[in-house]
Amino acid sequence: MHAMQLTIFNTNEPRTTAIPHNSNTPKSIELFAGAGGLALGLEMAGFETIGLIEYDKDAANTLKLNRPHWNVIHDDIANISSLDLESHFNIHKNELALLSGGAPCQAFSYAGKRLGLDDARGTLFYHYAVFLRKLQPKTFLFENVRGLISHDKGHTYQTILDIFESEGYTVQTSVLNAWDFGVAQKRERLIMIGIRNDLADKIEILPPVPHSYKPVLRDILHDVPTSAGTSYSEYKRKIFEMVPPGGYWRDIPADIAKNYMKSCWDMEGGRTGILRRLSLDEPSLTVLTSPSQKQTDRCHPLEARPFTVRENARCQCFPDDWVFSGGVGQQYKQVGNAVPVNLAYEVAKTIYNGLEQL
C-alpha cells in the first residue's frame, strides 16, 4: 500500500481526490458519518470507505451529493448493526482495515465495576461496539468531544475503554487541538485509536506531529464563495459594530453591555463568549452548530454578522465544492458537527502508515 501524496491547504483550493476501487486499498466503514469531514480525511489519507451510515436525512444527502460512488446508508444504525455485517458489506471478519466514527456522548447505567458490551445497551455507542465485535477490524478510530473524559465523573470514558479492551483491542487515547494540524480553528477532540491485540506488536501508530505553522482567519477568509447565512437583528448588529476585532462585551460602554446581557451580567466568570468578535489574526473559536447564540457569539472580524455557512466550512477545512444539503439551519448544523477535514487527515495518515507495516 502506498498512501496518496497530497498537500493539505486551508484555502479555497480543492483538496480532495476520489480514491478508485482497488483491492490493495485499505477499506474502512464509518458510523455516524455526518456531513463527511472525517470520511474526507480518510479518503485523502488513502482509505477506501465501503460504507457510511448516517441517520440524518440532510447529512446523508450531503454525502450522496458529493460522493455518488460512496455506499451511503441512510438508516438507523440499530437496524444495520443487527444484520450479518460480513455479508452486508461483502467483507470477511478480520479483513476490514478500519472502523471509524464517533457516537454521541451518552451516560451508561452501572451494574458493576468493569462493564461489558451488554451494559452499553440503549446507547448509540453500543452499536459502534457491536460493529467492532462482529467485524473485528484491524484498527478503529473513535472520536468525540474532549468532555467525554469527564462526562459522568469519568465513568462514560472508562466504560468505553473497558469495552474496547474487552473486545480485544489495545487502545491509545489523546486530545488533539485542530489548530495544531493546519486548521484555522481552536477545536479539541478526543481521539481513541485501537489496534487488534493480535496485531499490536506488529503495528506502531504514532501520534500526528503538530505543524510548525498554525493558520489564522486571515489565511482562509479570502475569496470565500457566496453562500447561505443568517444575520443579526438590527439592535444586535449596531452593538457589534462597537466591538473591536478580537474584543467582547468588556470593550463597549458598560451600560450598553449590561442592557444587552441582562441576567448574564450578574453571572460569574469571564463570559468571554458574549459579544465576541473574532480577529483576522487569530483562529476561529470552535465552530458551533448554530451561528448566533448570546453566550457563544462568533462575529465576523470585519462585518457585524455571523459567519456564513461557507465561511464556517472553510474553518472546518471543507473544500469549496463540497455541497451541504437542506435548509440553512441544517447546513450550519452539519458543518458545526463535523470533524475538521485536515485534522481527520492527519490522524488517518498515522493509522494508514501503521497498517503499511503489516
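Quick note: structure is the one above.
1. Quick notes on the side chain of glutamine 136
Then step 1. Relative to the helices and strands, glutamine 136 resides in the loop between helix H5 (124-135) and strand E5 (139-145).
Then step 2. Among the polar contacts made by the side chain of glutamine 136, one reaches the main-chain carbonyl oxygen of glutamate 167 at a distance of 3.4 Å.
Then step 3. Excluding residues within four positions of it along the chain, glutamine 136 makes contact with Lys93, Asn94, Phe131, Glu167, Tyr169 and Arg196.

2. A word on the pattern of salt bridges
Then step 1. Scanning the entire structure with this criterion turns up 16 salt bridges.
Then step 2. Aspartate 281 is paired through a salt bridge with arginine 218; the nearest N and O atoms lie 2.9 Å apart. Here aspartate 281 is found in the loop between helix H9 (254-261) and helix H10 (309-315), whereas its partner arginine 218 is found in helix H7 (residues 217-220), with 63 residues between them in sequence.
Then step 3. With a relative accessible area of 44%, arginine 218 lands in the partly exposed category.
Then step 4. Aspartate 320 is the salt-bridge partner of arginine 314, the closest N and O atoms lying 2.9 Å from each other. Note on accessibility: arginine 314 and aspartate 320 belong to one class, buried.
Then step 5. Through salt bridges with shared partners, one network takes in Glu234, Arg237 and Glu241.

3. A look at helix H11 (residues 328-337)
Then step 1. Every buried residue belonging to H11 is among Gln331, Tyr332, Gln334, Val335 and Gly336, and all of these are buried.
Then step 2. Those residues of H11 hidden inside the fold are in contact with helix H2 (57-66) and H10.

4. A closer look at the nonpolar core
Then step 1. The biggest cluster of nonpolar side chains holds 55 residues, and the ones touching the most others in it are Phe47, Leu141, Leu217, Phe318, Phe324, Val347 and Ile351.
Then step 2. Of all elements in the fold, only helix H1 (37-45), H2, strand E7 (188-196), H7, H10, H11 and helix H12 (341-355) reach the threshold of two or more residues within this core.
Then step 3. In contact with leucine 141, not counting residues within four places along its chain, are Leu38, Leu98, Leu99, Ser100, Gly101, Tyr128, Ile191, Met192, Ile193, Val347 and Ile351.
Then step 4. Ranked by size, the runner-up nonpolar core spans 36 residues in total, among them Ile80, Ala129, Tyr157 and Val171.

5. Quick word on the environment of alanine 33
Then step 1. Assignment of secondary structure puts alanine 33 in the loop between strand E1 (27-31) and H1.
Then step 2. Once you skip the residues sitting within four places of it in the chain, alanine 33 turns out to touch Leu52, Ile53, Glu54 and Leu63.

6. Some thoughts on the sheet that holds E7
Either a parallel or an antiparallel arrangement is found when strands of a sheet pair, and the pairing is made through backbone hydrogen bonds.
Then step 1. The seven strands lie next to each other as E3-E2-E1-E4-E5-E7-E6, forming an open sheet whose pairing is mixed. One side of each edge strand has no neighbouring strand; the edge strands of this open sheet are strand E3 (72-74) and strand E6 (169-177). Looking at each pair of strands side by side, their axes are set apart by 15° on average, direction ignored.
Then step 2. Helix-sheet contacts for H2 involve strand E2 (48-54) and E3, and the interaxial angle to E3 is about 165°.

7. Quick look at unusual backbone geometry
Then step 1. Phi is positive for lysine 262, close to 50°, though the residue is something other than glycine.
Then step 2. With respect to the helices and strands, lysine 262 occurs in the loop between H9 and H10.
Then step 3. In this model, leucine 275 sits at a positive phi of 55°, which is unusual for a non-glycine residue.
Then step 4. Under the relative-accessibility criterion, leucine 275 is labelled buried at 0%.

Reading guide: rules and limits
Residue indices begin from 1 for each chain and proceed along its sequence in written order. Given that this is a predicted model, residues contribute local features only at a pLDDT of at least 70 and side-chain atom pairs are listed and counted only at 80 or more, while totals for whole chains, interfaces and linings are drawn from all residues. With hydrogens and water set aside, each side-chain value is computed from the structure's full complement of heavy atoms. The helix count covers DSSP runs of H or I at least four residues long, the strand count covers runs of E at least two residues long, and both are numbered beginning at the N terminus. Two N or O atoms form a polar contact when they lie within 3.5 Å of each other; inside protein one atom must be a possible hydrogen donor and the other a possible acceptor, and for residues adjacent in sequence the pair counts only when both atoms belong to side chains. Contacts are assigned to residue pairs that have any heavy atoms within 4.5 Å of one another. Any Lys or Arg side-chain nitrogen found within 4 Å of a carboxyl oxygen on Asp or Glu counts as a salt bridge. Categorising residues by exposure relies on relative accessible area from a 1.4 Å probe, with only protein chains included: less than 20% of the type maximum marks a residue as buried, more than 50% marks it as exposed, and the intermediate range marks it as partly exposed. Nonpolar core, defined: a set of buried Ala, Val, Leu, Ile, Met, Phe, Trp, Tyr and Cys residues in which side-chain atoms within 4.5 Å join the residues together. When DSSP finds at least two bridges between two strands, those strands are taken to pair. Note on definitions: angles span 0 to 180 degrees between N-to-C directions of axes, and those axes are lines fitted to C-alpha atoms, for helices only across the stretch in contact.

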